[in-house]
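Descriptive analysis of the structure
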Amino acid sequence: MAGVAIITEACITVKDRACVDVCPVQCIYEYNPSTNRLQSEQQAGSGVVENEHAPNDDAIAVFGDSILYVNLDECTSCTACYQPDVCPVGAIYSEEHVPDGTEAIKYNTADPNKGHDHTFFVAQSRAVFAD
Ligand code: SF4
Ligand code: SF4
């Protein structure tokens, strides 16, 4: 079933940007610490910035530039990025199918759910964009 795309913990440190190249609306963003902006590119690595947003300071502090972020207000639920042959580590899902986290990465130990609840990355995807 189609839904907005959610990027989860498996992207951390991998961040190969394969999803960026298949997104038709450039709504997958990378945090640029030097400019303190969330930026999307037409083609990954091209350096040509298509869209920009300001980050929410608290939300961006959780993962910073170690993971990519889908802007859920811009995602058209086209399904392209979460086809099984796109993400090499299975990090990106339709909103309806985000799994609970794994024990491998303690990404949010302060969370009462110990960071292993599937709602965490849905909320994080919404919180990270300040505008
Ligand atoms: S579902 Fe489509 S529009 Fe949404 S992030 Fe993935 S490729 Fe982009
Ligand atoms: S394809 Fe997967 S690992 Fe690569 S940037 Fe996208 S979500 Fe992250």
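Structure: see above.
Below is a short write-up of the structure. This one's a predicted model, so the numbers in the text were calculated from it and none came from an experiment. (Residues numbered from 1 in each chain as written. Chains lettered and ligands numbered in written order. Predicted model: local features only at pLDDT ≥ 70, side-chain atom pairs only at ≥ 80, totals over all residues.)

**Focus on the overall build of the protein chain**
Scanning the protein chain from terminus to terminus reveals 3 helices and 6 strands. Helices and strands appear in the protein chain in the N-to-C order β-α-β-β-β-α-β-β-α. Here the protein chain, with 131 residues, has 31% of them falling under the buried criterion. Considering only contacts within the protein chain whose residues lie at least 6 apart along the sequence, 70% involve residues at least 24 apart. (Helix = DSSP H or I, 4+ residues; strand = E, 2+ residues; numbered from the N terminus. Buried ≥ 20, exposed ≤ 12 C-beta atoms within 10 Å, placed from the backbone. Contact = placed C-beta atoms within 7 Å.)

**Here we look at the pairing of strand β2 (residues 28-32)**
Two strands pair when backbone bridges link them, and β2 and strand β5 (residues 69-70) are joined in this way by 2 bridges, in the antiparallel orientation. The partner of isoleucine 28 across the bridge, within β5, is valine 70. Between β2 and strand β3 (residues 37-41), which pair antiparallel and follow one another directly, the connecting turn spans 4 residues, one of which, asparagine 36, has a positive phi of 55°. (Pairing = 2+ DSSP bridges.)

**Some words on the site of ligand 1**
Around ligand 1, 14 residues are found, and the nearest of them are Ala5, Cys23, Cys75, Cys78 and Cys81. Looking at the shell around ligand 1 residue by residue, the class counts come to 11 nonpolar, 3 polar and no charged. (Near = placed C-beta within 6 Å. Nonpolar A, V, L, I, M, F, W, Y, C, P; charged D, E, K, R; others polar.)

**Re the site of ligand 2**
Close to ligand 2 lie 14 residues, the nearest being Cys11, Ala18, Cys19, Cys87 and Ala91. When the residues that make up the shell around ligand 2 are grouped by side-chain class, the tally is 11 nonpolar, no polar and 3 charged.

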